[in-house]
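# Per-entry structural report
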Amino acid sequence: MKVNQLFDGVYEIWTREFGAQLATRNLVPGVSAYGERLIQKASSEFRLWDPYRSKLAAAIKKGLREMPIKGGKKVLYLGAAAGTTVSHVSDIVGNSGVVYAVEFSSRSIRELLVACKGRNNVVPILSDARNPEGYRSTVGAVDVIYADVAQPDQAKIVVDNFRTYCSRDASAMLVVKSRSVDVSESPSKVFAGQRAILERDGFRVVEEIELSPYERDHELIVGSGS
Ligand SMILES: C[S@@+](CC[C@H](N)C(=O)[O-])C[C@H]1O[C@@H](n2cnc3c(N)ncnc32)[C@H](O)[C@@H]1O
């Protein structure tokens, strides 16, 4: 088995059984968060990371150049759902980092609690990301906002959270689901509109990655506040 590091905490591993696969190093050895495969290599255990189940993994597979999520970073994750991608972000930031996982569906957050059991760096927050003040008592300053809320006002949600929790040198990663914004508009026009909202607020867009074939009509916008 060969292991190639793509970013801090993100690997591509080759096994005879599965070929080349994306993976993160398991922070909770022996535990599979949502049914993903665990692969042992020397003293490490890796969790396979499926780009068809995680848009962050899809963006990496599509050639993401800059990865602001690294070891020790504080990440505000908006739209945590059942914790699939959150669990990999937790692996990447490690025990010196933290993932504030905001989700407004109580059913999803119950599933997240199961998926992220034993992950002491994940702080689940049952709250509406449209009201960043609602979790002020739990969340301090963060280095990265990752948003995957699939809402028509997704870019504004990022801008409002960034103003509340970030200094200008922080980064934002916004997953845009075109159909959540406007089903009748072409995805490329929707992506441009969401990008314009970020730029109007002073974001410098660093990268835009369209996520097909892993996700249809989605893109990831990576921006920096400075
Ligand atoms: C596409 S799913 C996220 C998938 C997840 N990021 C992953 O990769 O595992 C979108 C999630 O955002 C949540 N959501 C939508 N609007 C929200 C809001 N205003 N505040 C908090 N969560 C929200 C939904 O309940 C849903 O679970």
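Keep in mind it's a predicted model, so treat the numbers as computed, not measured.

## Some remarks on the site of the ligand
Neighbouring the ligand are 16 residues, the closest being Tyr77, Thr85, Glu103, Asp128 and Gln151. Here a nitrogen atom of the ligand sits 2.8 Å away from a polar atom, N or O, in the main chain of Ala129. Most atoms of the ligand, that is more than half of them, are within 2 Å of grid points of the largest pocket. Among the residues forming the shell around the ligand, the class breakdown is 5 nonpolar, 6 polar and 5 charged.

## Remarks on helix 4 (residues 154–165)
For helix 4, spanning 12 residues, the distance from its first C-alpha to its last is 17 Å, which sits close to the expected 16 Å at 1.5 Å a residue. Counting buried positions over the 12 residues of helix 4 gives 10, a clear majority of the element. The set of residues buried in helix 4 consists of Gln154, Ala155, Ile157, Val158, Val159, Asp160, Asn161, Phe162, Thr164 and Tyr165. Looking at the buried residues of helix 4, the elements they touch are strand 6 (74–78), strand 9 (144–147), strand 10 (171–177), helix 5 (178–181) and helix 6 (187–200).

## Considerations on the sheet that holds strand 8 (residues 122–126)
Working definition: the strands of a sheet are paired by backbone hydrogen bonds and lie parallel or antiparallel to each other. Ordered in space as 8-7-6-9-10-12-11, the 7 strands form an open sheet in which the pairing is mixed. Lying at the two open borders of the sheet, with one neighbouring strand each, are strand 8 and strand 11 (204–210). Averaged over all adjacent pairs, the angle separating strand axes in this sheet is 15 degrees, with direction ignored. Lying on the sheet, helix 4 is in contact with strand 6, strand 9 and strand 10; it crosses strand 10 at an angle near 165 degrees. On top of the sheet, helix 6 reaches strand 10, strand 11 and strand 12 (218–224); it is set at about 20 degrees to strand 12, its chief contact.

The rules behind these values
- Residues numbered from 1 in each chain as written.
- Predicted model: local features only at pLDDT ≥ 70, side-chain atom pairs only at ≥ 80, totals over all residues.
- Heavy atoms only, no water.
- Near = heavy atom within 4 Å.
- Polar contact = N/O pair within 3.5 Å; in protein donor to acceptor, adjacent residues only side chain to side chain.
- 1 Å grid on protein atoms, 1.4 Å probe; cavity = no way out; pocket = protein on both sides within 12 Å on 5 of 7 lines; lining within 4 Å.
- Sits in = over half its atoms within 2 Å of the grid points.
- Nonpolar A, V, L, I, M, F, W, Y, C, P; charged D, E, K, R; others polar.
- Helix = DSSP H or I, 4+ residues; strand = E, 2+ residues; numbered from the N terminus.
- Expected span 1.5 Å × (residues − 1).
- Buried < 20%, exposed > 50% of the residue type's maximum accessible area, 1.4 Å probe, protein only.
- Contact = heavy atoms within 4.5 Å.
- Pairing = 2+ DSSP bridges.
- Axes fitted to C-alpha atoms, helices over the stretch in contact; angles between N-to-C directions.

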